[in-house]
Amino acid sequence: MNVPLLDLKAQYAAIKPEIDAAIADVLESQHFILGPKVEELEKAVAAYSNCAHAIGVSSGSDALLACLMAEDIGAGDEVITTPYSFFATAGAISRLRATTVFVDVDPITYNINPNQISSKVTPKTRAIIPVHLYGQMADMDPVMQIADECGLVVIEDAAQAIGAEYKGRRAGSIGHYGCFSFFPSKNLGGAGDGGMIVSNDMQRAEKVRCLRGHGAKPKYYHKLVGGNFRLDALQAAVVSAKLPHLDDWTAARQRNAKRYDELLGKAGLPIGLPAVVTNRHIFNQYVIRIKNRDELQSYLKQKGVGTEVYYPVPLHLQECFAYLGYKAGAFPESERAAKETLALPVYPELTDAQARYVVDCICEFVAKENAALAAR
Ligand SMILES: Cc1ncc(COP(=O)(O)O)c(C=O)c1O
């Protein structure tokens, strides 16, 4: 049996007429950059995320960058985030010549450990970027409390977490800004790159809106040095067509996660399962933890099961961040997670038979490993 990590063709097959019509509409209009399709999506994402404002941008990476730019963060400033995330989180900070200050993750959720933030705050600290990894929100109450006490800005990296909730509050609606990605593998993916910034602060929203178009307001009168962070209409149309399906897809991902929990739990394997500690985990990824992760990944590959390691090298150990001076051992939980975690297929169209096959393969692997150990 073949079980890919993600099956976007299955998703497209299910909604082909809607996607094709949305694309045809844009082609008919020949209006490709910003415009009514982008505005329509901005309204819909703002409503979906319980935010007053939404600004369509070119990617999740540029969303983070534009928010930091809107706060005039640059050389001499420090920004706190975790080393166990996609590169873009810390990359945005470095691109502005600010200094990334890492805080380790909680080993249960893989999100920022709020107990370790305060000791990293200095007079140079300007912002915190909590990442809602794999689709579950970080523990936002203590993050916001520290930010309030120290006068820091909070930019939620919600690239993997659109629609996730923490104590009934949607991803992106708690911090000063929230950043989403419409990269195709996200729960709400476009047909290319795209992203969105949400905010409940009108002035901040206006500033990122201005920065998105080279800081011009009106056209050709540049108040700020921004960038070309514009969302294109084709992406907006595709994402808008998909948004009405998102809650059903999320429910299917949650159902698949629960099925894995039950099957893997029943099998009594030496595997760590994802913990749901917030009220709405959207399972962009279903990530297990196992000591001999690389061997399991190779075994599953042989069996036709697609998996992925998110992320094999924590950010503080990336070559390009060597100048920050962090050494191995600095963030033990991030380093352990990088060695032990593996994402299994959890996409909405995954069938019961496919999920059972994945679990059977994992059981076979564990049995083989145990037999090899016993024979030694
Ligand atoms: C946690 C996180 N932050 C930022 C990004 C950047 O988003 P994009 O790929 O749209 O630039 C991603 C997605 O890839 C991500 O997973």
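Residues numbered from 1 in each chain as written. Predicted model: local features only at pLDDT ≥ 70, side-chain atom pairs only at ≥ 80, totals over all residues. Heavy atoms only, no water.

Asks: Give a detailed account of the side chain of K186, specifying residues and quantitative values.
Replies: Assignment of secondary structure puts K186 in the loop between β8 (177-181) and β9 (195-199). If we ignore the near neighbours within four places in the chain, the residues touching K186 are A159, Q160, S181 and N284. (Helix = DSSP H or I, 4+ residues; strand = E, 2+ residues; numbered from the N terminus. Contact = heavy atoms within 4.5 Å.)

Asks: Explain helix α10 (residues 332-340) to me, and be specific about the residues and the numbers.
Replies: Those residues of α10 that sit buried are S334, E335, A337, A338 and E340. Summarising the contacts, the buried residues of α10 are in contact with β10 (286-289), α9 (293-302) and β11 (341-344). (Buried < 20%, exposed > 50% of the residue type's maximum accessible area, 1.4 Å probe, protein only.)

Asks: Lay out helix α11 (residues 352-375) in plain terms, naming residues and giving numbers.
Replies: Between its terminal C-alpha atoms α11 stretches 35 Å, which fits the 34 Å expected from 24 residues at 1.5 Å a residue. When α11 is considered as a whole, its buried residues turn out to be Q354, A355, Y357, V358, V359, C361, I362, F365 and V366. Those residues of α11 hidden inside the fold are in contact with α8 (246-267), β10, α9 and β11. (Expected span 1.5 Å × (residues − 1).)

Asks: Describe the pattern of salt bridges, naming the residues involved and giving the relevant values.
Replies: A side chain with one charge can pair with a side chain of the opposite charge if their charged atoms come near. Summed over the entire model, instances satisfying the criterion amount to 22 salt bridges. Where R204 meets D201, a salt bridge forms, and the shortest distance between an N and an O atom there is 3.0 Å. Between R336 and E340 there is a salt bridge, with the nearest N and O atoms lying 3.2 Å from each other. Residue R336 and its partner E340 are located together in helix α10, separated by four residues, close to a single helical turn. Through salt bridges that share partners, E42, E206, R209, R212 and K217 make up one connected network. (Salt bridge = Lys/Arg side-chain N within 4 Å of Asp/Glu carboxyl O.)

Asks: Just give me the short version of the pairing of β10, but keep the residues and values in it.
Replies: Of the two faces of β10, the one carrying Y286 and I288 and the one carrying V287 and R289 are both buried. Note: β10 against β11, four bridges, orientation antiparallel. Counterpart to V287 in the pairing with β11 is A343. (Pairing = 2+ DSSP bridges.)

Asks: Got a sec to walk through unusual backbone geometry? Specific residues and values, please.
Replies: Omega for the peptide link from K217 to P218 comes to -5°, which places this bond in the cis form. Within the fold, P218 resides in the loop between α6 (202-212) and α7 (233-242). Cis geometry is adopted by the peptide bond preceding Y311, which originates at Y310 and carries an omega value of 10°. Residue position: Y311 is located in the loop between α9 and α10. The phi dihedral of Y134 falls on the positive side, at around 65°, and the residue is not glycine. By the element assignment, Y134 lies in the loop between β4 (125-128) and α5 (140-150).

Asks: So what's going on with the site of the ligand? Residues and values would help.
Replies: Around the ligand there are 15 residues in total, and G60, S61, D157, S181 and K186 lie nearest to it. Take D157: an N or O atom from its side chain is 2.7 Å from a nitrogen atom of the ligand. The contact in question runs from an oxygen atom of the ligand to an N or O atom on the side chain of Q160, over 2.8 Å. Secondary structure elements with two or more residues in the shell around the ligand: α3 (60-70) and α4 (88-95). Class assignment of the residues belonging to the shell around the ligand gives a composition of five nonpolar, eight polar and two charged. (Near = heavy atom within 4 Å. Polar contact = N/O pair within 3.5 Å; in protein donor to acceptor, adjacent residues only side chain to side chain. Nonpolar A, V, L, I, M, F, W, Y, C, P; charged D, E, K, R; others polar.)

Asks: Please set out the environment of A63 residue by residue, giving values where relevant.
Replies: Positionally, A63 belongs in helix α3. Separated by 116 residues in the primary sequence, A63 and C179 have C-alpha atoms spaced 5.6 Å apart. Not counting residues within four places of it along the chain, the set of residues in contact with A63 comprises V57, C179, F180, M196 and I197.

Asks: Before we move on, could you go through the packing of aromatic side chains and cite the residues and values that matter?
Replies: Considering all chains together, one arrives at 14 aromatic pairs under this definition. An angle of 80° between the planes, with centres 6.3 Å apart, marks the rings of Y84 and Y311 as edge-to-face. One end of the pair, Y84, is in the loop between β2 (78-81) and α4; the other, Y311, is in the loop between α9 and α10, and 227 residues separate them in sequence. Its relative accessible area of 0% is what places Y84 among the buried residues. When its relative accessible area of 13% is taken as the criterion, Y311 is described as buried. (Phe/Tyr/Trp six-rings, centres within 6.5 Å; stacked < 30°, edge-to-face > 60°.)

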